[in-house]
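Spelled out, the chains give:
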Amino acid sequence: MVVVSGTKIADEIGTGRSEVWRLIQQLRSLGVEVEGHPATGYQLRAVPDLLLPDVLAPLVKGTIFRDIHHYYKIGSTNSAAMEAAAAGAPEGSVFLAEEQTSGRGRGGNAWHSARSTGVYCSVVLRPNLPPSEALILSLAAGLGVHAAIQEIDSRVSPDLKWPNDLLLDGKKFCGILTEMNAEAMRVRHIVVGVGINVNQARFPEDLRDRATSLRLTSGTEWSRVEVAAALLKSLHREYRDLVDKPNARESVLRRFAEHSSYARKRRVRIEENGGFEGVTEGLDARGFLRVRTAQGLRTVLSGTVRAV
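My aim in this report is to walk through the structure given alongside it, one point at a time. (Residues numbered from 1 in each chain as written. Predicted model: local features only at pLDDT ≥ 70, side-chain atom pairs only at ≥ 80, totals over all residues. Heavy atoms only, no water.)

### Examining the overall build of the chain
1) Next: Within the chain, the secondary structure is distributed over 8 helices and 15 strands.
2) Next: Summarising its shape, the C-alpha atoms of the chain cover approximately 80 × 40 × 35 Å along the three principal directions.
3) Next: Looking at the chain as a whole, 48% of its 308 residues are labelled buried.
4) Next: Accessible area of the chain: about 15100 Å², with a carbon and sulfur share of 49%.
5) Next: Averaging the coordinates of the 40 positive side-chain charges in the chain and doing the same for the 35 negative ones gives two points 3 Å apart. (Helix = DSSP H or I, 4+ residues; strand = E, 2+ residues; numbered from the N terminus. Buried < 20%, exposed > 50% of the residue type's maximum accessible area, 1.4 Å probe, protein only. Areas by Shrake-Rupley, 256 points an atom, 1.4 Å probe, with all protein chains shown as cover. Lys, Arg positive; Asp, Glu negative; His and termini not counted. Charge placed at Lys NZ, Arg CZ, Asp CG, Glu CD.)

### Section: the environment of Gln25
1) Next: You can see Gln25 is positioned in helix α2 (residues 17-29).
2) Next: A polar side-chain atom of Gln25 sits 2.7 Å from a polar atom in the side chain of Arg28. (Polar contact = N/O pair within 3.5 Å; in protein donor to acceptor, adjacent residues only side chain to side chain.)

### Here's the deal with the pattern of salt bridges
1) Next: All told, the structure shown has 19 salt bridges when counted by the stated rule.
2) Next: Across the salt bridge formed by Glu183 and Arg188, the nearest N and O atoms sit 3.5 Å from each other.
3) Next: Salt bridges sharing partners connect three or more residues here, namely Glu183, Arg186 and Arg188. (Salt bridge = Lys/Arg side-chain N within 4 Å of Asp/Glu carboxyl O.)

### A short note on empty space enclosed by the protein
1) Next: Evaluated as defined, the whole model comprises 2 cavities of 30 Å³ or more.
2) Next: In this structure, the largest cavity occupies an estimated 70 Å³ of space.
3) Next: Lining the largest cavity are Phe65, Val123, Leu125, Leu137, Ala140, Ala141, Val192, Leu235, Glu238 and Tyr239.
4) Next: For the lining of the largest cavity, the secondary structure elements donating two or more residues are β6 (118-125), α5 (134-152) and α7 (224-244).
5) Next: Class assignment for the residues of the lining of the largest cavity results in 9 nonpolar, no polar and 1 charged.
6) Next: For the second largest cavity, the calculated volume is near 30 Å³.
7) Next: Lining the second largest cavity are Leu30, Leu50, Tyr72, Glu98, Arg115 and Ser116. (1 Å grid on protein atoms, 1.4 Å probe; cavity = no way out; pocket = protein on both sides within 12 Å on 5 of 7 lines; lining within 4 Å. Points joined across faces, edges and corners; volume = space filled by probe spheres on them. Nonpolar A, V, L, I, M, F, W, Y, C, P; charged D, E, K, R; others polar.)

### Brief notes about the packing of α7 against helix α8 (residues 248-258)
1) Next: α8 packs onto α7 with a crossing angle of 135° between their chain directions and a minimal axis gap of 7 Å. Between α7 and α8, the angle is such that the two are oblique. For the pair α7 and α8, the contacting residues are Glu238, Asp241 and Leu242 in the first and Ala248, Arg249, Val252 and Arg255 in the second.
2) Next: Its residues assigned to classes, the contact of α7 with α8 comprises 3 nonpolar, no polar and 4 charged. (Axes fitted to C-alpha atoms, helices over the stretch in contact; angles between N-to-C directions. Parallel < 35°, antiparallel > 145°, perpendicular 65-115°, else oblique. Contact = heavy atoms within 4.5 Å.)

### Quick word on the packing of aromatic side chains
1) Next: As enumerated under the stated definition, the model contains 0 aromatic pairs in all.
2) Next: Over the ring of Tyr262 we find Arg266, and its NZ or CZ is 4.3 Å from the ring centre.
3) Next: Positioned above the aromatic ring of Phe276 is the side chain of Arg298, whose terminal nitrogen or guanidinium carbon lies 3.8 Å from the ring centre. (Phe/Tyr/Trp six-rings, centres within 6.5 Å; stacked < 30°, edge-to-face > 60°. Lys NZ or Arg CZ within 6 Å of the ring centre and 35° of its normal.)

### What to know about the sheet that holds strand β7 (residues 159-161)
1) Next: Strands sit in the order β4-β5-β6-β10-β9-β8-β7 across an open sheet of 7 strands; the sheet is mixed. Of all the strands in the sheet, just β4 (67-71) and β7 have a single pairing partner and so form its edges. Geometrically, the sheet is characterised by an average inter-axis angle of 20° between neighbouring strands, direction not taken into account.
2) Next: By the bridge criterion, 5 bridges tie β4 to strand β5 (residues 93-97) in an arrangement that is parallel. Bridging from a neighbouring strand, His69 pairs with Phe95 of β5. (Pairing = 2+ DSSP bridges.)

### Topic: the nonpolar core
1) Next: Val119, Val145, Trp162, Val192, Ile196 and Leu214 are the most contacted members of the largest nonpolar core, which has 62 residues in total.
2) Next: Per-element accounting of this core gives the leading share, 10 residues, to α5.
3) Next: Core analysis: the next-biggest nonpolar cluster, separate from the first, contains 10 residues, Ile74, Ala81, Ala84 and Ala97 among them. (Core = buried A, V, L, I, M, F, W, Y, C linked by side-chain atoms within 4.5 Å.)

### A closer look at unusual backbone geometry
1) Next: In this chain, Trp162 is followed by Pro163 through a cis amide linkage whose omega measures 0°.
2) Next: For Pro163, the position within the fold is in the loop between β7 and β8 (165-168).
3) Next: The backbone phi angle of Asp169 is positive, close to 55°, even though this residue is not glycine.
4) Next: Take Asp169: it is sitting in the loop between β8 and β9 (171-182).
5) Next: A relative accessible area of 71% means that Asp169 is categorised as exposed.
6) Next: The backbone of Lys265 shows a phi angle near 60°, a positive value even though the residue is not glycine.
7) Next: Locating Lys265 in the fold gives a position in strand β11 (residues 264-271).
8) Next: Lys265 gets classed as exposed once you look at its relative accessible area, which sits at 78%.

Put into structure tokens, the structure is as follows:
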């Protein structure tokens, strides 16, 4: 690694050494490993695994995802994407954050978003679909995450939990939040938010029993850039199939059931309408979960599904 003096850097960028020192400190705060100090010079040890548009754009060339926005810290990528979509942001706009201060999950739950350890990503879509297809799109996004992880490491096989969680060893490592702005018969825009725990080595005490990460499960560190690029390419494939292919919906339902231990023959408790228990009997044609209870077959339209 080359050592470059603070004076030389200052001359190159046309500023003083004190400003170089300030900029170096700023780089360090963002995770860039820079050794040295003004007297001896600086040495770049490692470039951080940041989800920067200039790095990601060439990796997702040929997809609909061309307009990539990156934030070091933001409240929620889904909120930013919904606001941008309402203001006319084009389909394929992507919002990525290193850290979320108000990350959101389904049902108003918070999503723990530690800095530069996960992939926190929201995309804007404008499908020519009726609002009733939003659930199928959410299930397809889950399949997209599954394919992306398998593409990087085929030994890691996520379990899809209806409607929008992915698990490893029974613990959640990914959540999907789909939000929509629609008229009665037409979707104006849909934002699909995906939060993936990638390199977390530990979680807050209240989440330890329920949450995991790709690193904790596989024992190795993952490239967040590689995960984000694989995710966007998978989401592109699933979305284009859903919009363009006549039998795509049936394919989504079939593949979701194949990759889910929750879809069939799983005793579950549904936390909705006072709660009830039963055994899952697959998905109906709209993507809703069917549960056989002592009182008969019930269709779950929403609510939290827990294994019993």
